Amino acid sequence: MTEKLASSHGAKVNFIVPKRGERAALLQMANTNARHVLMRYKARSNYDDERINAALLQLESALALDRPPMRIECFDISTLHGKHSVASMVVFVNGKPDKSQYRRFKIRLETEEANDFAMMSEVFDRRYNPQKMTDERFAQKPDLIIVDGGKPQLSAALKQLKELGADDIPVAGLAKRDEELFVPWQESEPVVLPSGSPSLYLVKQVRDEAHRFAITFHRELRRKAMTQSIIEEVPGIGPKRKKQLLKHFGSFTALKQASLEELKAARIVPEPVAEDLFELLQHYYADKGDQEAKLIDG
């Protein structure tokens with residue numbers, strides 16, 4: 001801007017961004033008006049539809065598909081040293097997310113360390129086995145599968161699909177670095193979509209959505225496991241009694257909200273143990289509330 005507006009006496013351009021007051025309100029109004037104008041333009045010109053159509057046609061060409069990928073399924077693994085491992089499957093139909101068809105998988109494989117290849121094989125088996133391929137809840141066969149990762153992840157996916165008899169489904173591995181797409185028919189070099197192209201934008205949107213969906217589920221499981229594990233800190237309560245308590249009260253939330261009288265009336269643990277459990281839950285959530293309040297105040 002300084003170069004564009006350069007003057008003979010060397011005037012410079014300074015940007016001032018108001019944070020409060022009348023000028024900040026005017027800036028907010030300008031942003032709101034600009035968004036509304038853009039939305040009206042998109043609706044009037046079918047901008048989004050044209051961009052999506054271009055993205056699908058570009059992907060068909062770049063990945064040598066038989067037809068545009070009207071249904072894309074993308075998978076992502078989220079784990080922490082093999083613990084609370086989950087996988088997500090997001091579905092894009094006609095270039096748009098169809099959240100009603102998203103699926104979450106709790107990994108059954110037990111391992112001390114993360115093994116993305118084995119976990120992805122398990123997920124593929126649960127999604128693409130012959131029984132699931134005819135299950136209406138999974139709808140139709142995808143036109144394209146995207147797995148998060150490069151050549152190794154792609155090879156593992158192809159191997160599993162072949163074993164399941166579903167190797168007619170096109171697969172691509174999306175590497176995080178440089179947003180490269182690895183495909184089976186081009187082993188030497190990855191497919192690089194043009195920077196700023198509708199196809200690259202769509203692929204990144206699909207990948208990011210799969211990652212978001214997986215990480216959300218992973219955090220949910222970790223939080224649940226951490227809170228429920230405190231029950232076993234009470235002497236006299238082991239896995240069996242913990243399970244009975246959760247079954248009786250219906251959920252961990254209901255258990256932590258139960259009164260001392262309700263804990264005793266359940267007759268699952270002796271009264272002294274019920275008193276210890278009640279005291280622990282009260283102290284734990286009081287401390288947790290204080291910590292959250294400090295974070296908010298800070």
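Refer to the structure presented above.
Residues numbered from 1 in each chain as written. Predicted model: local features only at pLDDT ≥ 70, side-chain atom pairs only at ≥ 80, totals over all residues. Heavy atoms only, no water.

Undergrad: With reference to specific residues and values, describe the overall build of the protein chain.
TA: On a plain count of helices and strands, the protein chain comes out with 10 helices and eight strands. A burial count over the protein chain gives 36% of its 298 residues as buried. Carbon and sulfur atoms make up 52% of the accessible area of the protein chain, which totals about 18,800 Å². (Helix = DSSP H or I, 4+ residues; strand = E, 2+ residues; numbered from the N terminus. Buried < 20%, exposed > 50% of the residue type's maximum accessible area, 1.4 Å probe, protein only. Areas by Shrake-Rupley, 256 points an atom, 1.4 Å probe, with all protein chains shown as cover.)

Undergrad: Explain the layout of surface pockets to me, and be specific about the residues and the numbers.
TA: Gaps left between atoms show up when a probe the size of a water molecule is rolled over them. Considered as a void within the structure, the second largest pocket measures approximately 290 Å³ in volume. Around the second largest pocket, the lining comprises 19 residues; the ones closest to its centre are Leu 65, Asp 143, Asp 168, Ile 169 and Pro 170. Class assignment of the residues belonging to the lining of the second largest pocket gives a composition of 13 nonpolar, no polar and six charged. (1 Å grid on protein atoms, 1.4 Å probe; cavity = no way out; pocket = protein on both sides within 12 Å on 5 of 7 lines; lining within 4 Å. Points joined across faces, edges and corners; volume = space filled by probe spheres on them. Nonpolar A, V, L, I, M, F, W, Y, C, P; charged D, E, K, R; others polar.)

Undergrad: An account of the environment of Leu 281 is needed here, citing residue identities and associated values.
TA: Following the sequence through the fold, Leu 281 ends up in helix H10 (residues 271-297). Here Leu 281 falls in the buried class, since its relative accessible area comes to 3%. In sequence terms Leu 281 and Ala 258 are 23 residues apart; their C-alpha atoms lie 9.8 Å from each other.

Undergrad: Go over the packing of helix H3 (residues 116-128) against helix H5 (residues 151-163), please, and point to the residues and values.
TA: Contact geometry for H3 and H5: axes closest at 9 Å, N-to-C directions at 35°. For the pair H3 and H5, the sense of crossing is right-handed. Residue-level inspection shows Phe 117, Ser 121, Phe 124, Asp 125 and Tyr 128 of H3 in contact with H5, the latter providing Pro 152, Gln 153, Ala 156, Ala 157, Gln 160 and Leu 161. Split by residue class, the contact of H3 with H5 holds seven nonpolar, three polar and one charged. (Axes fitted to C-alpha atoms, helices over the stretch in contact; angles between N-to-C directions. Left-handed = near helix turned anticlockwise from the far one by under 90°. Contact = heavy atoms within 4.5 Å.)

Undergrad: How would you explain the packing of aromatic side chains if you had to name every residue and give the values?
TA: Enumeration according to the criterion identifies four aromatic pairs in this entry. Between Phe 75 and Phe 124 the ring centres are 5.1 Å apart and the planes differ by 55°, which places this aromatic pair in the tilted class. Here Phe 75, found in strand E1 (residues 71-80), pairs with Phe 124, found in helix H3; they are 49 residues apart in sequence, far enough to count as distant. Classification of Phe 124 by relative accessible area gives buried; the value is 0%. Taken together, the ring pairs connect Phe 75, Phe 124 and Tyr 128 into an aromatic cluster. Geometry around Tyr 201 places Arg 51 over its ring, the cationic atom sitting 5.1 Å from the centre. (Phe/Tyr/Trp six-rings, centres within 6.5 Å; stacked < 30°, edge-to-face > 60°. Lys NZ or Arg CZ within 6 Å of the ring centre and 35° of its normal.)

Undergrad: Please set out the side chain of Ser 88 residue by residue, giving values where relevant.
TA: Positionally, Ser 88 belongs in strand E2 (residues 83-93). Its relative accessible area of 0% is what places Ser 88 among the buried residues. A distance of 2.7 Å separates the side chain of Ser 88 from the backbone oxygen of Ala 210, its partner in a polar contact. Setting aside chain neighbours within four positions, we find Ser 88 in contact with Cys 74, Phe 75, Asp 76, Arg 103, Ala 210, Phe 213 and Ala 214. (Polar contact = N/O pair within 3.5 Å; in protein donor to acceptor, adjacent residues only side chain to side chain.)

Undergrad: I'd like to hear about the nonpolar core, residue by residue, with values.
TA: Residues Leu 63, Ile 72, Val 90, Leu 181, Leu 202 and Val 206 are the most contacted members of the largest nonpolar core, which totals 25 residues. Listing elements by their share of this core, those giving two or more residues are helix H2 (47-62), E1, E2, strand E5 (144-148), strand E6 (171-175), strand E7 (180-183) and helix H6 (198-228). In terms of residue count, the dominant contributor to this core is H6 (six residues). With residues near it in sequence (within four places) discarded, Ile 72 still touches Leu 59, Val 90, Val 91, Phe 92, Leu 144, Ile 146, Leu 202 and Val 206. Counting 23 residues, the second-largest nonpolar core is a separate cluster that includes Met 89, Phe 105, Met 119 and Tyr 128. (Core = buried A, V, L, I, M, F, W, Y, C linked by side-chain atoms within 4.5 Å.)

Undergrad: Can you break down unusual backbone geometry residue by residue, with the values?
TA: Peptide bonds are trans in most cases, and residues, glycine excluded, mostly fall at negative phi. Backbone geometry places Ala 64, a non-glycine residue, at a positive phi of 55°. At Arg 267, a residue that is not glycine, the phi angle is positive and equals roughly 55°. With respect to the helices and strands, the residue Arg 267 is situated in the loop between helix H9 (260-265) and H10. Residue class for Arg 267 comes out exposed when judged on its relative accessible area of 74%.

Undergrad: Can you lay out the pattern of salt bridges for me, pointing to particular residues and giving the numbers?
TA: Counted under the stated rule, the structure contains nine salt bridges. When the shortest N-O distance is used, the salt bridge between Arg 127 and Glu 73 registers 2.8 Å. Taken together, the residues Arg 127 in helix H3 and Glu 73 in strand E1 connect sequence positions 54 residues apart. Judged by its relative accessible area of 1%, Arg 127 is buried. Here Glu 122 and Arg 126 are joined by a salt bridge, their closest N and O atoms 2.8 Å apart. Taken together, the residues Glu 122 and Arg 126, both in helix H3 and four residues apart, mark about one turn of the helix. The burial state of Glu 122 is the same as that of Arg 126; both residues are buried. Connected through shared salt-bridge partners, Arg 71, Glu 73 and Arg 127 make up one network. (Salt bridge = Lys/Arg side-chain N within 4 Å of Asp/Glu carboxyl O.)

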